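# Working through the structure, step by step
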Amino acid sequence: MSQNRQIRDVVFVDGVRTPFGRAGEKGIYASTRADDLVVKCIRELMRRNPSLPPERIDEVAIAATTQTGDQGLTIGRTAALLAGLPQSVPGFAIDRMCAGAMTAVTTTASGIGFGAYDVVIAGGVEHMGHHPMGAGSDPNPRFMSERIVDPAALNMGNTAENLHDRFPAITKDRTDAYAVASQNKLAAAYAKDQIQPDLVPVATLKPEQGWTLNTVDEPPRPGTTVADLAALKTPFRAHGRVTAGNAAGLNDGATVALLASAETAKELGLPVKMRLVTYAFAGVAPEVMGIGPVPATEKALKLAGLSIGDIGLFEINEAFAVQVLSFLDHYGIADDDPRVNRYGGAIAVGHPLASSGVRLMTQLARQFQEDPSVRYGLTTMCIGLGMGATVIWENPHFNATTTSATSTTEGSAA
């Protein structure tokens with residue numbers, strides 16, 4: 001291998017996802033296999049990019065948190081075969097809990113940058129109806145007996161309550177208001193047809209209903225009010241602050257993205273929706289895992305030579321409202337800043353664990369296209385057992401002479 005090999009530019013070509021469903025017997029995917037959801041996404045990705053010869057795909061990386069049953073058997077490889085990709089295309093499975101798809105992207109993107117790959121498919125799936133969070137896991141008893149982690153670390157809702165304890169300025173009223181705003185922003189995005197273009201219709205069969213073609217997300221609750229949320233129970237702590245209304249739900253869904261080197265995208269005539277700048281992962285105390293995006297973002301910004309004021313768009317995964325607000329407070333960003341989650345977030349649309357990272361990227365890519373005044377955006381999320389992940393992207397449509405609603409706020413961050 002040449003010692004003069006240069007790191008190559010990595011670009012985000014395209015991304016799609018299934019509509020997200022509610023987990024459980026009444027959810028739209030109750031009778032649908034997890035691997036088939038991935039297959040739908042891969043096939044749609046290939047249909048949308050006909051100039052890409054299937055044999056040019058160098059890797060398929062698919063994440064799943066619970067790698068068993070229809071999410072097992074090295075799902076990256078099995079989904080590639082089921083989707084009809086050539087047998088020469090390899091694949092693998094990956095797990096970093098909520099940041100699974102994000103890690104699938106960063107891992108394969110590193111391979112592109114190094115020159116090992118030219119084109120990859122990366123994404124994630126979680127069928128929480130078939131595989132509830134933590135199902136079949138066997139935490140080592142030393143976690144508790146040797147006090148390696150706080151007992152709250154193994155229950156995500158408890159970690160969110162701990163964040164409230166740490167940041168008393170983030171009240172329940174404030175998280176409920178943020179959650180309502182997320183619902184409203186998603187409803188507005190649907191009304192403007194900003195979500196639908198990247199959804200893959202999925203036909204499902206239920207004995208009592210027959211065939212149904214699912215074209216929209218199932219979890220959203222448009223019209224939700226703060227009063228509605230104030231009446232909900234706090235299941236993780238008596239008189240607590242975390243509810244089903246200000247947290248993401250239990251969901252099913254899949255996402256996939258197409259990444260390439262800039263040279264290969266040009267060669268094959270593939271669109272370039274984003275350019276990867278850098279990424280970072282960081283660890284935090286597991287019992288306050290929701291603060292993870294802060295050190296991950298600090299690390300990524302330092303690597304990129306940027307400041308938080310350079311970021312014109314934020315896609316922050318909404319595992320819990322308190323987790324997003326702790327990030328915003330750290331950087332002095334207002335709860336209703338127009339740069340943040342313009343289309344709403346996981347509180348409204350759902351959070352099928354390992355799949356959500358690519359949803360953030362797909363939404364950011366569409367916002368880049370809509371707003372050429374923005375040069376940089378980031379996707380970030382907290383991760384179970386105390387981690388955070390951040391990926392910084394550059395807008396290929398950037399035009400410094402254009403202005404938008406974000407231009408008046410970009411310098412407001414601390």
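Residues numbered from 1 in each chain as written. Predicted model: local features only at pLDDT ≥ 70, side-chain atom pairs only at ≥ 80, totals over all residues. Heavy atoms only, no water.

### Section: the layout of surface pockets
Within this model, the second largest pocket holds a volume of roughly 150 Å³. Lining of the second largest pocket is provided by I7, R8, D9, V10, A109, S110, G113, R275, L276, V277, T278 and Y279. Of all the elements in the fold, those that place two or more residues in the lining of the second largest pocket are helix 3 (100–114) and strand 9 (274–283). With five residues, strand 9 is the single largest residue contributor to the lining of the second largest pocket. Partitioned by chemical class, the residues of the lining of the second largest pocket number six nonpolar, three polar and three charged. (1 Å grid on protein atoms, 1.4 Å probe; cavity = no way out; pocket = protein on both sides within 12 Å on 5 of 7 lines; lining within 4 Å. Points joined across faces, edges and corners; volume = space filled by probe spheres on them. Helix = DSSP H or I, 4+ residues; strand = E, 2+ residues; numbered from the N terminus. Nonpolar A, V, L, I, M, F, W, Y, C, P; charged D, E, K, R; others polar.)

### What about the confidence of the model for the protein chain?
Taken as a whole, the protein chain shows an average pLDDT of 94; of its residues, 96% reach a score of 70 or greater. Low pLDDT, under 50, characterises residues 405–414; the stretch is placed with 26 contacts to residues that sit more than four places away or in other chains. (pLDDT = per-residue confidence, 0-100. Contact = heavy atoms within 4.5 Å.)

### Remarks on the UniProt feature "domain: Thiolase N-terminal" (unreviewed entry) in the protein chain
As annotated in UniProt, the feature "domain: Thiolase N-terminal" (unreviewed entry) corresponds to residues 10–262 in the numbering used here. Measuring from the first to the last C-alpha atom of residues 10–262 gives 6 Å, for a span that is 31% helix and 19% strand. (UniProt positions renumbered as here; feature names shortened; annotations may be inferred.)

### Some thoughts on helix 12 (residues 356–370)
The end-to-end C-alpha separation of helix 12 is 22 Å, in line with the 21 Å expected for 15 residues at 1.5 Å each. Extensive coverage of helix 12 is indicated by the burial of 13 of its 15 residues. (Expected span 1.5 Å × (residues − 1). Buried < 20%, exposed > 50% of the residue type's maximum accessible area, 1.4 Å probe, protein only.)

### Quick look at empty space enclosed by the protein
On inspection of all chains with the given rule, the structure shows two cavities of 30 Å³ or more. By volume, the largest cavity is sized at about 70 Å³. In terms of lining residues, the largest cavity is bounded by R17, Q194, I195, D198, L199, Y343, R359, T362, Q363 and R366. A per-element tally of the lining of the largest cavity places helix 12 first, with four residues. Residues of the lining of the largest cavity, tallied by class, amount to three nonpolar, three polar and four charged. When its volume is computed, the second largest cavity comes out at roughly 50 Å³. Lining of the second largest cavity is provided by F12, D14, G15, D198, K273, T362, A365, R366 and Q369. Breaking the lining of the second largest cavity down by element, the ones donating at least two residues are strand 1 (10–17) and helix 12. Here the lining of the second largest cavity takes four residues from helix 12, the largest share from any one element. Residue classes in the lining of the second largest cavity are distributed as two nonpolar, three polar and four charged.

### As for the packing of helix 3 against helix 12
Interhelical geometry of helix 3 versus helix 12 gives an angle of 70 degrees and a closest axis separation of 5 Å. Accordingly, the angle class assigned to the pair helix 3 and helix 12 is roughly perpendicular. Together, A101, M102 and V105 of helix 3 and G357, V358, L360 and M361 of helix 12 make up the contact between the two elements. (Axes fitted to C-alpha atoms, helices over the stretch in contact; angles between N-to-C directions. Parallel < 35°, antiparallel > 145°, perpendicular 65-115°, else oblique.)

### Some details on helix 9 (residues 293–304)
In an α-helix, one turn spans 3.6 residues, which is why side chains three or four residues apart end up on the same side. Its twelve residues give helix 9 an end-to-end C-alpha distance of 16 Å, which sits within 8% of 16 Å, the value for a rise of 1.5 Å per residue. Tucked into the core, helix 9 has its buried residues touching strand 9, strand 10 (311–316), helix 10 (321–330), strand 11 (376–383) and strand 12 (387–394). Two residues or fewer after helix 9 comes G305, characterised by a positive phi angle close to 70 degrees.

### Some thoughts on the environment of A188
As for its position among the elements, A188 is in helix 6 (residues 172–191). Residue classification places A188 among the partly exposed positions, given a relative accessible area of 35%.

### Some points on the state of the cysteines
All told, the structure shown has zero disulfides when counted by the stated rule. No disulfide involves C41; its sulfur sits 18 Å from that of C98, the nearest cysteine. Residue C41 is classed as buried on the basis of its relative accessible area, which comes to 0%. The thiol of C382 is not disulfide-bonded; the next cysteine sulfur, from C98, is found 6.2 Å away. (Disulfide = S-S within 2.5 Å.)

### Here we look at the pairing of strand 1
Here strand 1 lies mainly inside the structure; eight of its eight residues are buried. By the bridge criterion, two bridges tie strand 1 to strand 9 in an arrangement that is antiparallel. Note on strand 9: the bridge partner recorded for F12 is M274. (Pairing = 2+ DSSP bridges.)

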